[in-house]
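Listed below, chain by chain, are the residues.
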Amino acid sequence: MAEVQFQNITKTFGQTEVLTDISLDIADGEFCVFVGPSGCGKSTTLRILAGLEMPTSGRVFIDQKDVTDIAPKDRDIAMVFQNYALYPHMTVFENMAFGLKMRKFSKPEIQQRVEEAAEILSLKELLSRKPKALSGGQRQRVALGRAIVRKPKVFLFDEPLSNLDAKLRVQMRIEIKKLHQRLETTMVYVTHDQIEAMTMGQRIVVMNKGYIQQADEPLRVYNYPKNMFVAGFIGSPAMNFMDVYSEKGRVIIDGMETVLQYPLSESTGKQLIMGVRPEHIYMADSQSGLPAYVELVELLGDHVLARLKIKTCHITARFPSTEAIHPGERIFIGFKEDKIYFFDKKSGKRL
Ligand SMILES: Nc1ncnc2c1ncn2[C@@H]1O[C@H](COP(=O)(O)OP(=O)(O)OP(=O)(O)O)[C@@H](O)[C@H]1O
Ligand SMILES: [Mg+2]
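All of these numbers come straight from a predicted model, not from anything done at the bench. (Residues numbered from 1 in each chain as written. Chains lettered and ligands numbered in written order. Predicted model: local features only at pLDDT ≥ 70, side-chain atom pairs only at ≥ 80, totals over all residues.)

### Observations regarding the site of ligand 1
The condition is simple: Using a C-beta atom placed from the backbone, a residue is described as near a molecule or strand when that atom lies within 6 Å of it. Going along the chain from the N terminus, every DSSP run of H or I of four or more residues is numbered as a helix, and every run of E of two or more is numbered as a strand. Residues were grouped as follows: Ala, Val, Leu, Ile, Met, Phe, Trp, Tyr, Cys and Pro as nonpolar; Asp, Glu, Lys and Arg as charged; and all remaining residues, including Gly, as polar.
Around ligand 1, the neighbouring residues are F13, V18, G36, S38, G39, C40, G41, K42, S43, T44 and H192. Top contributing element to the shell around ligand 1 by residue count: helix 1 (residues 42-50), with three residues. Residues of the shell around ligand 1, tallied by class, amount to three nonpolar, seven polar and one charged.

### Here we look at the nonpolar core
We count it as follows: What we call a nonpolar core is a set of buried Ala, Val, Leu, Ile, Met, Phe, Trp, Tyr and Cys residues whose membership is set by joining through C-beta atoms within 7 Å. Exposure is read from a count of other C-beta atoms within 10 Å of each residue's own; the residue is exposed at 12 or fewer, buried at 20 or more and partly exposed in between. C-beta atoms are placed from the backbone. An automatic or database domain assignment is the source of the domain bounds shown. Residues are scored as being in contact if the C-beta atoms we place from backbone atoms lie within 7 Å.
By size, the foremost hydrophobic cluster in this structure holds 74 residues, and its most contacted members are V33, L156, V188, Y189 and V206. Residue contributions to this core reach at least three from each of two domains, namely domain 1 (4-233) and domain 2 (241-344). Residues in contact with Y189, not counting those within four places in the same chain, are F31, C32, V33, F157 and M200. Grouped together as the second largest cluster of nonpolar side chains are 11 residues, L290, A292, A306 and F319 included.

### Re unusual backbone geometry
Omega for the bond connecting S236 with P237 falls within 30 degrees of zero, at -10°, which places this linkage in the cis form. On the secondary structure map, P237 appears in the loop between helix 8 (228-233) and strand 11 (240-247). Residues other than glycine seldom take positive phi values, yet K209 does so here, at roughly 50°. In this fold, K209 is placed in the loop between strand 9 (203-208) and strand 10 (211-216). Residue K209 is classed as partly exposed on the basis of its 15 C-beta neighbours within 10 Å.

### Quick word on the sheet that holds strand 5 (residues 65-66)
Convention followed: At least two bridges found by DSSP between two strands is the condition for calling them paired.
Strand order in the open sheet formed by four strands is 2-1-4-5, with antiparallel pairing between adjacent strands. Each of the sheet's edge strands pairs with one partner strand only, and the pair in question is strand 2 (16-26) and strand 5. The pairing of strand 1 (residues 4-13) with strand 2 spans seven bridges and is classified as antiparallel. The partner of F6 across the bridge, within strand 2, is L24.

Structure below.
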């Protein structure tokens, strides 16, 4: 068990800066998820924590000890990657025992640790099988087992589920959560999947282009995104953005004054971006609603996703499937007033 600290980490490869001033404290026992688009620097951050990559500047602490110059094997961490290559000629037991053997653990100690991990991961019946006789999910559990037997201070995961099919991914997500609840060990988990981040993380660190955009609890990231990037990245389907400008406390969308009042009186004449999530759009009557043209309707069971056009803006709305709505129709919509976001057009910061 240990806390983790990144202190002003910067990383350059050649001329390119891929991490800029990454500072973050991860609490003892926390499940912290790094999320962001491909190439934003998630794996590099994790590899710096693991000691597989040296930061260009800045320090890394594990359990309050500066480990920046310490070799990976002496950091007391265990890592699970996307490509969790198991040794094909070894049994499940031998695969899990291998790391301990290399570290010269005694036979009884190895036996006990592997059995304990097999118990936690429901692998007891499979200990004598070879990897080729296992399903994808079982193999992934063996990879987890290999990490668990080490009893590390910190677990590091780099997209461990991305090779699994959608159903198995959901299952493994739950297993890893349960594992965390049981072991209460600090876990740092990297994914580009915002749903994985939302469902697994006690805290989400949203990254983009080498910067931490926001580090917060999942619901805070969803409800109070710091900027347009976070607002657009977290949530599915993504938040709608519309170019608007404000005038005397009213918001004008594309020359069409909305009937709703917004508390923006101090920023009259300002160019803004208005953001509203699909789930915060509702069907309204012709008196109070904005006219919208229905371009497309996707039925998804209990709800539909409607692609709408308001003047020149295209937006997506999520309605209960009990609402009768058809392509080619003209409808009236409203935005839940307390769920509307405004962003500075230049900086992207939420106002
Ligand atoms: N050894 C390296 N040499 C040069 N550039 C590198 C090296 N490793 C990573 N990069 C670059 O650093 C940036 C961040 O890479 P990183 O692997 O951390 O991204 P990521 O967020 O994990 O992306 P993904 O979701 O695709 O795994 C990328 O632009 C990548 O091309
Ligand atoms: Mg990566």
